[in-house]
Amino acid sequence: MPIRASDLLTLTREGLYCPLGGFHVDPTWPVERALITHGHADHARSGHRHVLATPETLRIMAVRYGADFCEHRQEAPLGEPIRIGEVTVRFAPAGHVLGSAQIAIEREGARVVVSGDYKRAPDPTCLPFEVVPCDVFITEATFGLPVFTHPDTRGEVRKLLDSVRLFPERAHIVGAYALGKAQRVMALLREEGWDRPIHLHGAMEKLTALYKEEGVPLGETPKVVAAERKDLHGAIVICPPSSIQDLWSRKFPDPVTCFASGWMRVRARARQKGVELPMVISDHSDWPDLCRTIRDTGAEEVWVTHGQEDALVHWCGTQGIRAKPLHLLGYGDDGEAEPASTEPGPETEALA
């Protein structure tokens, strides 16, 4: 009897589960064996007994949760087949953040790919997305509406640099998620010629140091010293999104509030957050790239894990591709996704 997708993956309370391998993918509760796509807290949680992930993701989890975030860990080199139970798994680049991966699960010629979060746009801080042909493709849909077409990221960074030149007496405070988005903004600033220090909120230090250790060139990134904030005229400062509106940011000279997020495409969101300079920079695929990726995989069936599920499911139907929403709970706190229920599960981090 041919292998079916439901033989390779099924849905449990903890999330996606492979019964033939005895493991979960990005589970929302502690489990015996977890395969992790990337280090954002809505996908990578502590408390699992065994964790399999890329070397970079394991390092990120150790920085975020401590060295004892699990009992046993195993590195998954990209592209290398790993036998688990009755299936073979392979990790492939997802282009989302440092160490992010898709996970292909195979048996007897049948292949399901769990993409995690991914993007197709260039990013100097991580490997580009790799198309993995498959029978079933499991995709996110954070920006799964036709209205979301992300602009050129470098153009958004140039908007920031133009503002710095226009207002040299003001500090520019950029809200960006601590893992991935912040480092991407730094790297893009360097590529656009900004050679001055990029000042960091303390919450950015450890992960930025990890990126540097992994060979990502981010330049000089000093931590902001409280007593020096008033003197940072013309500086670029990167901080958690929640900090752009609190007392911490008000100590800088006439600060320009900036926010790097795909949600800045929605002007009402920028106004609600009091953002003076919105920067539409996303680490997720926009609508055209979601559709392109589904086509590129050649998948006959698509499962949509979280985000704007219904719109993408409808689009698949118009293309003759079977599709269904999974309505998974617990995802969406990586700084861009909509607030999602985390019950049951650990407390989530602040949304960006």
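The rules behind the values
Residues numbered from 1 in each chain as written. Predicted model: local features only at pLDDT ≥ 70, side-chain atom pairs only at ≥ 80, totals over all residues. Heavy atoms only, no water. Disulfide = S-S within 2.5 Å. Helix = DSSP H or I, 4+ residues; strand = E, 2+ residues; numbered from the N terminus. Buried < 20%, exposed > 50% of the residue type's maximum accessible area, 1.4 Å probe, protein only. Polar contact = N/O pair within 3.5 Å; in protein donor to acceptor, adjacent residues only side chain to side chain. Contact = heavy atoms within 4.5 Å. Salt bridge = Lys/Arg side-chain N within 4 Å of Asp/Glu carboxyl O. Pairing = 2+ DSSP bridges. Axes fitted to C-alpha atoms, helices over the stretch in contact; angles between N-to-C directions. Parallel < 35°, antiparallel > 145°, perpendicular 65-115°, else oblique. Nonpolar A, V, L, I, M, F, W, Y, C, P; charged D, E, K, R; others polar.

Caption draft 1: Spotlight on the state of the cysteines. For the structure shown, the criterion picks out 0 disulfides. With no disulfide of its own, C18 lies closest to C134 among cysteine sulfurs, the gap being 15 Å.

Caption draft 2: Seen up close, the side chain of T153. With respect to the element layout, T153 can be found in helix α3 (residues 153-166). On the basis of relative accessible area, T153 is assigned to the buried category, the value being 11%. Looking at T153, its side chain comes within polar contact range of the side chain of R184, at 3.3 Å. Setting aside its immediate chain neighbours within four residues, T153 contacts R184, L188 and I281.

Caption draft 3: Inspection of the pattern of salt bridges at higher detail. Summed over all chains, the structure comprises 25 salt bridges. Note that E276 is salt-bridged to R170, the shortest N-O span being 3.2 Å. In this pair, E276 sits in the loop between α7 (267-272) and β16 (277-279) while R170 sits in the loop between α3 and β12 (172-175), placing the two residues 106 residues apart along the sequence. We classify R170 as buried; its relative accessible area is 10%. Across the pair R322 and E301 runs a salt bridge whose closest N-O atoms are separated by 3.3 Å.

Caption draft 4: View of the sheet that holds strand β6 (residues 72-75). Taking strand neighbours across the sheet as the criterion, the 6 strands line up as β1-β2-β3-β4-β5-β6 in an open arrangement whose pairing is mixed. Lying at the two open borders of the sheet, with one neighbouring strand each, are β1 (10-12) and β6. Neighbour to neighbour, the strand axes of the sheet diverge by 30° on average, direction disregarded. Here β1 pairs with strand β2 (residues 15-18) via 3 bridges, running antiparallel. When the sheet's bridge partners are listed, T10 is paired in β2 with Y17.

Caption draft 5: Molecular detail of the packing of α3 against helix α4 (residues 181-191). Running from N to C, α3 and α4 point in directions that differ by 75°, and their axes come no closer than 10 Å. Taken as axis vectors, α3 and α4 run roughly perpendicular relative to one another. Along the contact surface, α3 presents T153, R154, V157, L160 and L161, while α4 presents R184, L188, L189 and E191. Class assignment of the residues belonging to the contact of α3 with α4 gives a composition of 5 nonpolar, 1 polar and 3 charged.

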